[in-house]
Structures are given as C-alpha cells and as structure tokens.
Amino acid sequence: MMDITNAFPSERLLDQIADALAGPGFILLDQPLPASLIQGLIDNLQTQAASLAPAGVGRQGDYQRNQEIRGDAIQWLEAGDSAVTEFLCWMDKLRLGINQRLFLGLFDYESHYAVYAPGAFYQKHRDAFRGNPGRKLSTVLYLNSDWDLMAGGELVLYDGAGEIELVRAAPECGRLVIFLSEDFPHEVLPAKQFRQSIAGWFRIKPL
Ligand code: OGA
Ligand code: MN
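Residues numbered from 1 in each chain as written. Chains lettered and ligands numbered in written order. Predicted model: local features only at pLDDT ≥ 70, side-chain atom pairs only at ≥ 80, totals over all residues. Heavy atoms only, no water.

**Student:** Any details on the site of ligand 1? Residues and values, ideally.
**Tutor:** Every residue close to ligand 1 is listed here: Tyr-122, His-125, Asp-127, Val-140, Tyr-142, Leu-155, His-186, Val-188, Arg-195, Ser-197, Ala-199 and Trp-201. The separation between an oxygen atom of ligand 1 and a polar side-chain atom of Asp-127 is 3.2 Å. For ligand 1, whose free accessible area comes to 300 Å², the fraction covered by protein is 98%. The cavity that encloses ligand 1 is the largest pocket. Of all elements in the fold, only strand S5 (122-125), strand S6 (135-142), strand S10 (186-188) and strand S11 (195-203) reach the threshold of two or more residues within the shell around ligand 1. Here the shell around ligand 1 gets four residues from one element, more than from any other, and that element is S11. Here the residues of the shell around ligand 1 sort into seven nonpolar, three polar and two charged. (Near = heavy atom within 4 Å. Polar contact = N/O pair within 3.5 Å; in protein donor to acceptor, adjacent residues only side chain to side chain. Areas by Shrake-Rupley, 256 points an atom, 1.4 Å probe, with all protein chains shown as cover. 1 Å grid on protein atoms, 1.4 Å probe; cavity = no way out; pocket = protein on both sides within 12 Å on 5 of 7 lines; lining within 4 Å. Sits in = over half its atoms within 2 Å of the grid points. Helix = DSSP H or I, 4+ residues; strand = E, 2+ residues; numbered from the N terminus. Nonpolar A, V, L, I, M, F, W, Y, C, P; charged D, E, K, R; others polar.)

Written out as structure tokens, the structure reads:
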C-alpha cells in the first residue's frame, strides 16, 4: 500500500524548486518522491510494456525519419492505477505550489512513460515549439532501478543558444529534473541498456 501522507512535496521542497526556477531555471533532485511511489510506477510501467508505441515528432512524419530524431516508445499516463494517481496528485501539488510562488499560471500537466531501447536517443531539441503550444515547465522522472553509471543515457541540458553544456544527469532511479521548457535545449544520449522515465509538461493556456 502507498503511504499517502508522504506523497506530497513539502513546503520546503516547493520553496527550493521555486527558487531554482526563478534563478538558473532548472533543478535536479535526487529522491523527491517516496520510494514506494517510485516502485509503484515501475511496476505499473511493467504492465504497460505491450501498449508502448514509437513516439512521434511534431506532426506524424515518416517513421524512419522520426527514429533519427528520437527513438523512445511512449504511453500517455492516465489516472486509474493507484501509483499513477498518486504521482499525478504529487505533480498537481507541485503545480499549485509553483503557481503560488512564481505566478506562472500553470493550469495542467501532461505526461507519458518513455522507454528507450539500447542505442536509442533523442537529439537536441526544445520542448516548447510549434507542435506543443503552452508547454512552460518540463519534468523528467527516472524509473531505472540500479542504473549503471557507465551505461550512458544521460540527459544533457544546454544554455539557451544550445552551445554550452549546463548539466549532464544520469537517469538514476527516483531522480527528478525540472526546467523551463522554453529556455533549455536538451538531448538524451544513447544508453547501453533499457532506459525508463516519465516525461511531463506543465502547461499554460495558449494565447
Ligand atoms: C523529452 C525529453 C528527457 C529525458 O521526452 O522531451 O527530453 O531525459 N526527455 O528522458
Ligand atoms: Mn525534451
């Protein structure tokens, strides 16, 4: 059973995240969610393995070309499973906490599981572009038990011009990365093993 009382970000954590977003614009947190919730999500992803589908890029282009840009398979999250529901609750509490502190006007959150097979990658890109209006804040939560640090698969964040590397984060279990979607081009490096995560976006109402 999930420990519901722990499944919310503390005020202190919300302060820390808001400060980072107002400052550098990104933050990397090692274990902000309860370990039992992370395990619940890993178990739920296991049951979804058959329904994962190759991710698209912008409008549905041809599959071969997409694979040269991003090689992950995805499944959009839907509340129902108790771990998924808890996760979406946690993210909604985060949304409200950030709105209170930074007045960003985030109004919803969309998220999907992503599985990268060995060798798959996602080329340098921005999350807020024509095909995805309203994406304001990007989140990535990693679901890899016992990740081997020699296996690659890092997320690399770049400065706004896409030239200077700012952070390189291994997809270690329970790690959460949050960044302003418009400000940081980023890429996923190929890994030697399967790489699992939940990628999500808080959105504002497009004008
Ligand atoms: C994405 C993305 C980063 C990661 O799905 O848009 O950039 O580390 N994911 O999986
Ligand atoms: Mn991205």
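**Student:** Summarise the pattern of salt bridges; cite the residues concerned and give the values.
**Tutor:** One side chain can pair with another of opposite charge once the charged atoms of both are near each other. Evaluation of the coordinates by the stated rule reveals 11 salt bridges. Close ionic contact of Arg-101 with Asp-15 constitutes a salt bridge, the shortest N to O distance being 2.6 Å. Here Asp-15 lies in helix H1 (residues 11-22) and Arg-101 lies in helix H4 (residues 82-102), a separation of 86 residues in the sequence. The partner of Asp-30 in a salt bridge is Arg-175, and the shortest N-O contact between them spans 2.9 Å. (Salt bridge = Lys/Arg side-chain N within 4 Å of Asp/Glu carboxyl O.)

**Student:** Tell me about the sheet that holds strand S7 (residues 155-158), residues and numbers included.
**Tutor:** Read across the sheet, four strands follow the order S5-S10-S7-S8 without closing on themselves; strand pairing throughout is antiparallel. Each of the sheet's edge strands pairs with one partner strand only, and the pair in question is S5 and strand S8 (165-169). For this sheet, the mean angle separating the axes of adjacent strands, direction not counted, is 10 degrees. Sheet analysis places S7 next to S8, joined by four bridges and oriented antiparallel. Within S8, the position partnered with Leu-157 by the bridge is Val-167. (Pairing = 2+ DSSP bridges. Axes fitted to C-alpha atoms, helices over the stretch in contact; angles between N-to-C directions.)

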